[in-house]
Each structure stands twice: as C-alpha cells, then as structure tokens.
Amino acid sequence: QVQLVESGGGLVQAGGSLRLSCAVSGRSFSGYIMGWFRQAPGKEREFVAAINWSGSGTSYADSVKGRFTVSRDYAKRTLYLQMNSLKTEDTAVYSCAARHLTTHEYDYWGQGTQVTVSS
C-alpha cells in the first residue's frame, strides 16, 4: 500500500530554519515527481517545490526561491524540504505528494505537518 508520511513540523521564530521529511513506502517511486505543497487557513493549497525522485531536476515557487531546498534520499526512501529564513507567511500545513512523470496531477498525498512561524 502506498503511503507518504510527513514529519518535522513545529514552531519556529521568523528567520529560523526547519527541515521537513516525507517517508515514502509501498512502491518504487522511480519515474515519479515528488512535490511539496502548503495550505494556510482560509487559503487554497499552493505549490512549493518539486524534484524528480530518480534525478536532480528541481522547481520552486517564486515565493520560496533562495530560501527553500528540496532533496531526496533514494536509499532512505525519504523526501526533504529544507526551509531557511522563514517568514510568518510561510505558516501553513505542508504536505508531500507524488505524480508520474507522464502526468500533471498528483495522485498520492500525505496527511500533512503543521509549520508555524512566529514573529
């Protein structure tokens, strides 16, 4: 059974750093794109970053470029999101997701982890 489980969320002061993890299980994600999304209260879910599970290609939302870094460890079956220089507007529930290279829709989703940035 495919499962994505996020961890690492918490409370951090503005300007600080936090690293989120997404443990994947149930299948090989070779040929998949792994992404991070976030959703703040009262707002729609937005794209944050993505990476080719078996490669090095990455993409980022303009709002996080230069501050966030997405990476993955194939052997550990874990996706990461390193968040630096955090701002209060980064506060949201962060979720990891997966889609096949041939599609543009994310078919697998984790439950999410809360990130709260205080001033």
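Along each chain, residue indices are assigned from 1 in the same order as the chain's sequence is written. Per-residue local features are limited, in this predicted model, to residues with pLDDT of at least 70; the limit for side-chain atom pairs, both in listing and counting, is 80 or more; totals at the level of whole chains, interfaces and linings are taken over all residues. Only hydrogens and water are set aside when side-chain values are computed; all heavy atoms of the structure are taken into account.

Asks: Can you explain unusual backbone geometry? Please cite residues and give values.
Replies: Unlike most non-glycine residues, R77 shows phi in positive territory, near 55°. Under the DSSP-based scheme used, a helix requires at least four consecutive residues in state H or I and a strand at least two consecutive residues in state E, with every element numbered from the N terminus. Summarising the element assignment, R77 is placed in the loop between β7 (68–73) and β8 (78–83). In this scheme, a residue with accessible area under 20% of its type's maximum is buried, one over 50% is exposed, and one in between is partly exposed, where area comes from a 1.4 Å probe on protein chains only. Residue classification places R77 among the partly exposed residues on the basis of a relative accessible area of 28%.

Asks: Please provide a residue-by-residue account of the pattern of salt bridges, values included.
Replies: What makes a salt bridge here is a side-chain nitrogen of Lys or Arg within 4 Å of a carboxyl oxygen of Asp or Glu, nothing more. Tallied over the entire structure, the rule returns 4 salt bridges. Taking the shortest distance from any N to any O, the salt bridge between D62 and K65 comes out at 3.1 Å. As far as the burial class goes, D62 and K65 line up, both exposed. With a closest N to O distance of 2.8 Å, D90 and R67 form a salt bridge.

Asks: Break down the sheet that holds β8 for me, with residues and values.
Replies: Note on pairing: two strands pair once DSSP finds at least 2 bridges between them. One open sheet accounts for 4 strands, arranged β1-β3-β8-β7; its pairing is antiparallel. Every other strand in the sheet has two partners, leaving β1 (3–7) and β7 as the edge strands with one partner each. Taken over all neighbouring pairs, the strand axes of this sheet differ in orientation by 15° on average, direction set aside. Strand direction decides the pairing type here: β7 and β8, joined by 6 bridges, are antiparallel. The residue bridging S71 from the neighbouring strand is Y80, located in β8. Note on definitions: angles span 0 to 180 degrees between N-to-C directions of axes, and those axes are lines fitted to C-alpha atoms, for helices only across the stretch in contact.

Asks: Go over the state of the cysteines with me, naming the residues and quoting the values.
Replies: The definition used for a disulfide is geometric: two cysteine sulfur atoms within 2.5 Å. On inspection of all chains with the given rule, the structure shows 1 disulfide. Across the disulfide, C22 is cross-linked to C96 (sulfur-sulfur distance 2.0 Å). Of note, the bridge from C22 to C96 carries an S-S torsion of about 60° and is right-handed in sense. Within this pair, whereas C22 is found in strand β3 (residues 18–25), its partner C96 is found in strand β9 (residues 92–100), the two being separated by 74 residues in sequence. With a relative accessible area of 0%, C96 lands in the buried category.

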